[in-house]
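Topology and contacts: notes
One letter stands for each residue in the lines below.
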Amino acid sequence: MRIRPLNLQDKNNIRLVLCQGDTFNESEVQVAMELVDEVLKNPATRDYLIYTAVYPDEVFAGYICFGPIPMTAYCYDLYWIAVDRQFSKKGVGSRLVDFMETAVRQNNGKHIYVDTSSSSPYAPARAFYEKHGYRPVCTLNDFFKNGDHKIIFKKEL
């Protein structure tokens, strides 16, 4: 498996992966795809960095979107990470996170933040972040809707 920058051929695969299962709702998929379009339209942008994991013959396995947080010196956000169901539990997500953390370090980043939901479809994501050393630092109650809190995770590099 290799990790490479986003290209136009990845767009449909990203949409398909985001629509697998019940984790992401339609509006979340729309926002993620807007970021994909933004990066494809402006490949030199440094606001959103999107990379894809592919196996030989360009078989799409997953993607990650991250970037520096505006008006901060050393902080980055992990905006999106998704792995194709057929590659779940095969290390793709871990490789993408390792790749992101290396890139953030190379750009003098010191902190990575991840916003996620407290809802049950996001339980595997929360466990994944904790497994990789991200710790909850803040909970904003009823953020997305009543009973669905925003949990902010952080990792110091």
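Quick note: structure is the one above.
A brief look at the structure comes next. (Residues numbered from 1 in each chain as written. Predicted model: local features only at pLDDT ≥ 70, side-chain atom pairs only at ≥ 80, totals over all residues. Heavy atoms only, no water.)

**Focus: a nonpolar patch on the surface**
Side chains of L140, F143 and F144 sit close together on the surface and give an oily, nonpolar patch of about 270 Å² of accessible area. In this fold, L140 is placed in strand β6 (residues 135-145). (Patch = residues over 30% accessible without salt bridge, like charges linked within 9 Å, V, L, I, M, F, W, Y side chains within 5 Å. Areas by Shrake-Rupley, 256 points an atom, 1.4 Å probe, with all protein chains shown as cover. Salt bridge = Lys/Arg side-chain N within 4 Å of Asp/Glu carboxyl O. Helix = DSSP H or I, 4+ residues; strand = E, 2+ residues; numbered from the N terminus.)

**Points about the nonpolar core**
The biggest cluster of nonpolar side chains holds 24 residues, and the ones touching the most others in it are I64, F66, L78, I81, M100, Y129 and Y134. The greatest single-element share of this core, amounting to six residues, is contributed by helix α3 (residues 92-106). The contact partners of I64, leaving out residues within four places of it in the chain, are L49, I50, Y51, L78, W80, I81, L96, V97 and M100. Ranked by size, the runner-up nonpolar core spans 18 residues in total, among them L18, I50, Y63 and W80. (Core = buried A, V, L, I, M, F, W, Y, C linked by side-chain atoms within 4.5 Å. Buried < 20%, exposed > 50% of the residue type's maximum accessible area, 1.4 Å probe, protein only. Contact = heavy atoms within 4.5 Å.)

**Quick look at the pattern of salt bridges**
Any two side chains of opposite charge can pair, on the condition that their charged atoms come close. Evaluated as defined, the whole model comprises seven salt bridges. The salt bridge involving E58 is made with R2; its shortest N-O contact spans 2.4 Å. One end of the pair, E58, is in the loop between β2 (49-55) and β3 (59-68); the other, R2, is in strand β1 (residues 2-5), and 56 residues separate them in sequence. Here E58 falls in the partly exposed class, since its relative accessible area comes to 38%. For R2, a relative accessible area of 43% translates into the label partly exposed. The closest approach of N and O atoms between D115 and K150, which form a salt bridge, is 3.1 Å. Placement of the pair is D115 in strand β5 (residues 111-117) and K150 in strand β7 (residues 148-156), with a sequence separation of 35 residues. For K150, a relative accessible area of 14% corresponds to the buried category. Several salt bridges converge on common partners, so that one network encompasses R2, R4, D10 and E58.

**What about helix α4 (residues 123-131)?**
Within α4 the residues assigned to the buried category are R126, F128 and Y129. Down the axis of α4, the smallest arc covering the buried residues is 160°, so these residues share one side. Residues P124 and K131 are exposed on α4 and point more than 90 degrees away from its buried face. As for α4, its buried residues are in contact with β4 (75-83), α3, β5 and β7. After α4 finishes, the residue G133 shows a positive phi value of roughly 90°. (Arc of directions from axis to C-beta.)

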